[in-house]
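Descriptive structure summary
Chain residues, written in single-letter form:
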Amino acid sequence: MKKNLLPCLLTAFLFQAHVYSQALNNNHDPKVDINLSPTFNSTINPEKNSNINPKYNWNINPAHNNDINPEFNSTINPLNHYELNPDVNKTLNPMYHNEYHPKNPSWKGLYIFNNTDDLIGYISVATQQLMLTFDSTGEWTGSYVKAATGIYNHFDVKGVWDGKYLCFDSIVGYNVFNKDGTWTGQHIK
């Protein structure tokens with residue numbers, strides 16, 4: 001028995017599995033704290049709170065408010081402003097600045113969850129105006145650019161608006177909406 005134990009221990013130490021993804025912080029996990037889950041907390045659920053639902057509150061809907069629509073307001077469109085476009089501004093690009101990347105061991109940021117509170121991505125806050133988005137594997141997928149207080153439009157990695165946007169949930173995070181104002185079920189904590 002002792003003869004088998006030594007080779008097994010040596011093998012375990014020599015062939016350690018490396019974990020490269022971020023461990024989910026319990027302070028951000030809606031499965032640990034149900035107050036963070038729109039399923040259990042109607043105050044942060046846009047289907048139950050019209051104040052945070054762009055279908056009923058046009059102040060937070062880019063389709064009805066040109067001030068927060070990047071197709072009408074060039075000051076919030078990264079195609080017109082390199083300081084908002086990580087594709088052309090290397091100081092904001094996570095492929096040049098590893099501190100923004102969720103695979104960095106010292107990374108701090110936000111987490112994206114689906115409608116069943118499963119982790120589906122990460123967000124790095126690069127500046128007050130810009131947040132970088134990553135999928136669950138750590139692949140850079142684009143960025144959110146601030147349109148107004150609590151409202152961010154989503155752009156792909158080249159800086160093209162895909163119509164999605166997020167709105168502050170009034171307490172702890174954000175909800176993600178499609179161009180037509182429909183909640184995707186995704187929420188950010």
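This text follows the structure it describes.
This write-up is about the structure you can find in this document.

Basis of the calculations
Residues numbered from 1 in each chain as written. Predicted model: local features only at pLDDT ≥ 70, side-chain atom pairs only at ≥ 80, totals over all residues. Heavy atoms only, no water. Pairing = 2+ DSSP bridges. Helix = DSSP H or I, 4+ residues; strand = E, 2+ residues; numbered from the N terminus. Axes fitted to C-alpha atoms, helices over the stretch in contact; angles between N-to-C directions. Salt bridge = Lys/Arg side-chain N within 4 Å of Asp/Glu carboxyl O. Buried < 20%, exposed > 50% of the residue type's maximum accessible area, 1.4 Å probe, protein only.

Here's the deal with the sheet that holds strand β8 (residues 183-188)
Taken together, eight strands build a closed barrel; the order of strands is β1-β2-β3-β4-β5-β6-β7-β8 and the barrel is antiparallel. The sheet shows a mean angle of 30° between the axes of neighbouring strands, taken without regard to direction. In this structure, strand β5 (residues 151-155) lies alongside strand β6 (residues 161-168), joined through four bridges in antiparallel fashion. The residue bridging N153 from the neighbouring strand is Y165, located in β6.

Here's the deal with the pattern of salt bridges
One pass over the structure, following the stated rule, counts four salt bridges. Measuring nitrogen to oxygen at the nearest pair gives 3.7 Å for the salt bridge that ties K158 to D87. Of this pair, K158 sits in the loop between β5 and β6 while D87 sits in the loop between α1 (2-14) and β1 (110-113), and the two are 71 residues apart along the sequence. On the basis of relative accessible area, K158 is assigned to the exposed category, the value being 52%. Taking the relative accessible area as the measure of exposure, D87 reaches 30% and is therefore partly exposed.

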